[in-house]
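# Breakdown of the fold
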Amino acid sequence: QVQLVESGGGLVQAGGSLRLSCAASGRTFSRGGLGWFRRAPGTEREFVAGIYWSGLSTYYADSVKGRFTISGDNAKNMVYLQMDSLKPEDTAVYYCAAAAAYYGLAKAESSYNFWGQGTQVTVSS
């Protein structure tokens, strides 16, 4: 049974930093990758960042580029999201997601097969 467990969310002031972690278990994703999505109140879930192990490629949403950094450890089935210069508009539930394979659509929700329960990130102004 595949499980993705996020940790590291919380409350932070604008301009601060948080680091999210996600531990995947139940299978490996060596042929695919891991990513982060988020859903703010009243909005659709949106892509934040992704990392694919083939070529160690990383992808970011334009809204977080330059502020967030995704990293991971394929052998440990872990992915991290370092979030710096946080803004109130980054407030959302952040979800870890896993893709069993890579088909060239790293930012598409449909590319991911497994999801975590989410962790709340709140940025106060």
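Placed above this text is the structure.
The following refers to the structure shown. (Residues numbered from 1 in each chain as written. Predicted model: local features only at pLDDT ≥ 70, side-chain atom pairs only at ≥ 80, totals over all residues. Heavy atoms only, no water.)

### Considerations on the nonpolar core
Threshold: Among the buried residues, those of types Ala, Val, Leu, Ile, Met, Phe, Trp, Tyr and Cys that are joined through side-chain atoms within 4.5 Å form a nonpolar core. When accessible area is computed with a 1.4 Å probe and restricted to protein chains, residues below 20% of their type maximum are described as buried, those above 50% as exposed, and intermediate ones as partly exposed. Strands here are runs of E lasting at least two residues and helices are runs of H or I lasting at least four, both read from the DSSP assignment and numbered beginning at the N terminus. In what follows, residue pairs with any heavy atoms lying within 4.5 Å of each other are defined as contacts.
Grouped together as the largest cluster of nonpolar side chains are 35 residues, with contacts concentrated most on Trp36, Leu81, Met83 and Tyr94. For this core, the elements supplying multiple residues, two or more each, are strand E3 (18-25), strand E4 (33-39), strand E5 (46-52), strand E7 (68-73), strand E8 (78-83), strand E9 (92-99) and strand E11 (119-124). In terms of residue count, the dominant contributor to this core is E9 (six residues). Non-local contacts of Leu81, meaning those with residues more than four positions away in its chain, are made with Leu18, Arg19, Leu20, Trp36, Val48, Ala49, Phe68, Thr69, Ile70 and Tyr94.

### Looking at unusual backbone geometry
Even without glycine at this site, Asn77 takes up a positive phi of about 60°. A residue is classified by how much of its surface remains accessible, and Asn77, at 8% relative accessible area, is buried. Positive phi values are uncommon outside glycine, yet Ser85 reaches one of about 50°. Looking at where Ser85 falls in the secondary structure, it is placed in the loop between E8 and E9. In this structure Ser85 comes out as partly exposed when scored by relative accessible area, which is 42%.

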